[in-house]
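# Architecture and fold: a report
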Amino acid sequence: MTLMTGTAFAQSLTIIITPVLTRIYTPGDFGVLGIYTSIIGILAVICCGRYELAIVLPEKDEDASNLILASLLWTVVSTATVLVIIIIWGEWVASILKSPAITTWLWLLPINVLGLGLFQTLNYWNTRFKNYKRLATRQITQSSATASAQLGFGFLTKLGAGGLIAGQLIGLFIATSFLIKKFTIEDYVNVKRSLSVRELRKVAAKYKKYPIYSMLPSILDSLTVALPVMFFAKYFNLGITGQYSLGVRLLSLPASLIGAAVAQVYFQKIAVEYNRTGSIAAIVQQTCKALLMIAGPFCLIIMLLGPWLFTFFFGSNWTTAGEFSRILAPDIALRFVASPLSIVFGAVNRQEISALWQLIALVITSASLGLSLTMHDAYRSISFLMVSDLLLYSLYLFLIFRVSGAELKNIFRVAK
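For the structure given in this document, a descriptive report is provided here. (Residues numbered from 1 in each chain as written. Predicted model: local features only at pLDDT ≥ 70, side-chain atom pairs only at ≥ 80, totals over all residues. Heavy atoms only, no water.)

This part takes up the overall build of the protein. Across its full length, the protein carries 18 helices and 0 strands. For the protein, the C-alpha radius of gyration of 21 Å lies close to 22 Å, the compact-globule estimate for 416 residues. For the protein, the spread of C-alpha atoms along the three principal axes comes to 55 × 50 × 35 Å. Across the protein, every contact between residues at least 6 apart in sequence was considered, and the portion connecting residues at least 24 apart equals 84%. Total accessible area on the protein is roughly 18,700 Å²; 68% of this is exposed by carbon and sulfur atoms. Between the averaged position of the 33 positive side-chain charges in the protein and that of its 18 negative side-chain charges there is a distance of 3 Å. (Helix = DSSP H or I, 4+ residues; strand = E, 2+ residues; numbered from the N terminus. Rg over C-alpha atoms; globule rule 2.2 N^0.38 Å. Contact = heavy atoms within 4.5 Å. Areas by Shrake-Rupley, 256 points an atom, 1.4 Å probe, with all protein chains shown as cover. Lys, Arg positive; Asp, Glu negative; His and termini not counted. Charge placed at Lys NZ, Arg CZ, Asp CG, Glu CD.)

Here helix α11 (residues 238–251) contains 14 residues, and its C-alpha end-to-end distance of 20 Å stays within 8% of the 20 Å for a straight helix at 1.5 Å per residue. Buried residues dominate α11, accounting for 11 of its 14 residues. Three or more residues of α11 are buried, namely Ile240, Thr241, Gly242, Gln243, Tyr244, Ser245, Leu246, Gly247, Val248, Leu250 and Leu251. Where α11 begins, one side-chain oxygen reaches toward the backbone nitrogen of Gly239, 2.9 Å away; that side chain belongs to Asn237. (Expected span 1.5 Å × (residues − 1). Buried < 20%, exposed > 50% of the residue type's maximum accessible area, 1.4 Å probe, protein only. Polar contact = N/O pair within 3.5 Å; in protein donor to acceptor, adjacent residues only side chain to side chain.)

Mapped onto the fold, Arg249 is located in helix α11. Overall, Arg249 belongs to the partly exposed group, its relative accessible area being 26%. Taking the C-alpha atoms as reference points, Arg249 and Leu156, separated by 93 residues in sequence, lie 25 Å from one another. With sequence-adjacent residues up to four places away left out, Arg249 is seen in contact with Thr14 and Phe30.

All right, on to the environment of Ser99 then. Here Ser99 shows up in the loop between α4 (61–96) and α5 (109–128). Once you skip the residues sitting within four places of it in the chain, Ser99 turns out to touch Ile35, Ala94, Ala233 and Leu238.

Here we come to helix α14 (residues 319–341). Counted at 1.5 Å a residue, the expected span for α14 with its 23 residues is 33 Å, and the 33 Å between its end C-alpha atoms agrees. When the local axis directions of α14 are compared, the greatest deviation, roughly 55°, occurs at Leu328, which is followed within four positions by the proline Pro330. Counting buried positions along α14 yields 18 of 23 residues, so the element is predominantly enclosed. (Bend = angle between axes of the 7 residues up to and from the residue.)

A cluster of nonpolar side chains, namely Leu83, Val84, Ile85, Ile87, Ile88, Trp89, Trp92, Ile96 and Trp107, defines an oily patch on the protein surface of about 920 Å² accessible area. Checked against the element boundaries, Trp89 lands in helix α4. Using a relative accessible area of 45% as the deciding quantity, one classes Trp89 as partly exposed. (Patch = residues over 30% accessible without salt bridge, like charges linked within 9 Å, V, L, I, M, F, W, Y side chains within 5 Å. Salt bridge = Lys/Arg side-chain N within 4 Å of Asp/Glu carboxyl O.)

Take the pattern of salt bridges next. When charged atoms on two side chains of opposite charge get close, those side chains can pair. Within the structure shown, the criterion is met by 8 salt bridges. The closest approach of N and O atoms between Arg128 and Asp61, which form a salt bridge, is 2.9 Å. One end of the pair, Arg128, is in helix α5; the other, Asp61, is in helix α4, with 67 residues separating them in the sequence. Since its relative accessible area comes to 11%, Arg128 is described here as buried. By relative accessible area, which is 37% here, Asp61 ends up partly exposed. A salt bridge links Arg350 to Glu352; the nearest nitrogen and oxygen atoms lie 2.8 Å apart. Accessibility expressed as a relative area gives 29% for Glu352, which makes it partly exposed. Residues joined in a network through salt bridges with shared partners are Arg134, Glu186 and Asp187.

The next point concerns the nonpolar core. By size, the foremost hydrophobic cluster in this structure holds 116 residues, and its most contacted members are Leu109, Tyr244, Leu328 and Leu341. Per-element accounting of this core gives the leading share, 12 residues, to α14. Sequence-distant contacts of Leu109, defined by excluding residues within four places in its chain, comprise Tyr36, Ile39, Ile40, Leu43, Val82 and Ile86. (Core = buried A, V, L, I, M, F, W, Y, C linked by side-chain atoms within 4.5 Å.)

Next up on the list: the state of the cysteines. Enumeration over the complete set of coordinates arrives at 0 disulfides. Just so you know, Cys48 is unpaired, no disulfide at all, and the nearest cysteine sulfur is the one on Cys47, 3.8 Å from it. (Disulfide = S-S within 2.5 Å.)

Glancing now at the packing of aromatic side chains. Inspection of every chain in the model, using the stated rule, returns 22 aromatic pairs. Consider the rings of Tyr207 and Tyr210, whose centres lie 6.5 Å apart with planes at 55°: the pair is tilted. The structure contains a cluster of three or more aromatic residues connected by ring pairs, namely Phe231, Phe232, Tyr235, Phe236, Tyr244, Phe324 and Tyr379. If you follow Arg128 out to its NZ or CZ, it ends over the ring of Phe129, 5.6 Å from the centre. For Lys234, the ring lying beneath its charged end belongs to Tyr235, and the centroid distance is 6.0 Å. (Phe/Tyr/Trp six-rings, centres within 6.5 Å; stacked < 30°, edge-to-face > 60°. Lys NZ or Arg CZ within 6 Å of the ring centre and 35° of its normal.)

Moving on, we get to the packing of helix α2 (residues 27–46) against α5. Taken N-terminus to C-terminus, the directions of α2 and α5 make an angle of 50°; their axes are 10 Å apart at the nearest point. Of the possible angle classes, the one that applies to α2 and α5 is oblique. Crossing of α2 against α5: the hand is right-handed. Contacts from Tyr36, Ile39, Ile40, Leu43 and Ala44 in α2 reach Leu109, Asn112, Val113, Leu116 and Gln120 in α5. Split by residue class, the contact of α2 with α5 holds 8 nonpolar, 2 polar and no charged. (Axes fitted to C-alpha atoms, helices over the stretch in contact; angles between N-to-C directions. Parallel < 35°, antiparallel > 145°, perpendicular 65-115°, else oblique. Left-handed = near helix turned anticlockwise from the far one by under 90°. Nonpolar A, V, L, I, M, F, W, Y, C, P; charged D, E, K, R; others polar.)

On to the packing of helix α10 (residues 209–235) against α11, then. Where α10 contacts α11, the two axes come as close as 7 Å, and the packing angle between them is 160°. Judged on the interaxial angle alone, α11 and α10 are roughly antiparallel. At the point where α10 passes α11, the crossing takes the right-handed sense. Contacts from Pro228, Val229, Phe232 and Ala233 of α10 reach α11 at Ile240, Thr241, Tyr244 and Ser245. Split by residue class, the contact of α10 with α11 holds 6 nonpolar, 2 polar and no charged.

Function cannot be read off these values alone, since they describe shape.
Here it is in structure tokens:
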């Protein structure tokens, strides 16, 4: 609830300013933002080597401190690698996507990767010690800075999509600066005292499954999420890409508001309970039940009123986004339930199962979008995507329940 307070403010602010943003930026601008955000989504998985996830797990704070160092070292290497790739292949990437407008803003990617690495590392360090008030403050700070920058760039400059991208980057760095300040004042001395090359090697080896098994499925997951955006950019146009991106972004707000907060706390509780008793079925069942009760009504509202809501709040240019959202609502609702629960694979050290599912998801999503090309219709492509996602996330929930020992019938039994 503490995290949700901060996230509620952050997402409420997003909802408040979006009707303004949709009137000062075009669907094409949001299309470029969608492409950039999709690339960042993939790089966010790579930048820390997934060692940031392991920070909450060790019993000893000394081990967690050395995991911070492992995560930051990986971030430095990732930043340098992305910089080299952009220098050599930046224009080629833009040409593959048939989006020359993105070329200028690809140069922000290395800076963004560095900020993400710092941010994600400190985020999980604070999760370890249940500094939820600090994390809530970070959310409020980030959303306020992002909103102010995007509005300012939109009204005062002619950057177009660059205003949306730069606004997000400014919000990230202001929020990260806040976490760095708190870390320096309260934690740095103790962390520095715990660091050593020998301990770094020890924890890096102990949690090697994270870069080996967790990073691969997470990359595949990010690719699967990015694939529709890249697909619409390449085979349709930036306007359609922007319509899809905005629709998915707004449908995903409940996941950001509730799902992300639940996932952070849920991961910490699962890790503690698994270390203590080895039994986590009850936590999984309770969390799944709560998420289902939220997802159901939300899905129904979007299916009934999606196009009208988007047209009324965001302007007549965004009716297509509402129609896309109506089709995708069941898919987003099921994903809202499954995604926070999927952290169970990391908590019980069974990342290989998640990796297999992510590979299946990428293949099936690619196949469904590829098949939809024969119809040359964006709405048909969205429908194909929705059906494939429903099948995939149903399988994901089944695997989560098998790994955790939870049973679906117990959820409905409790709900009576």
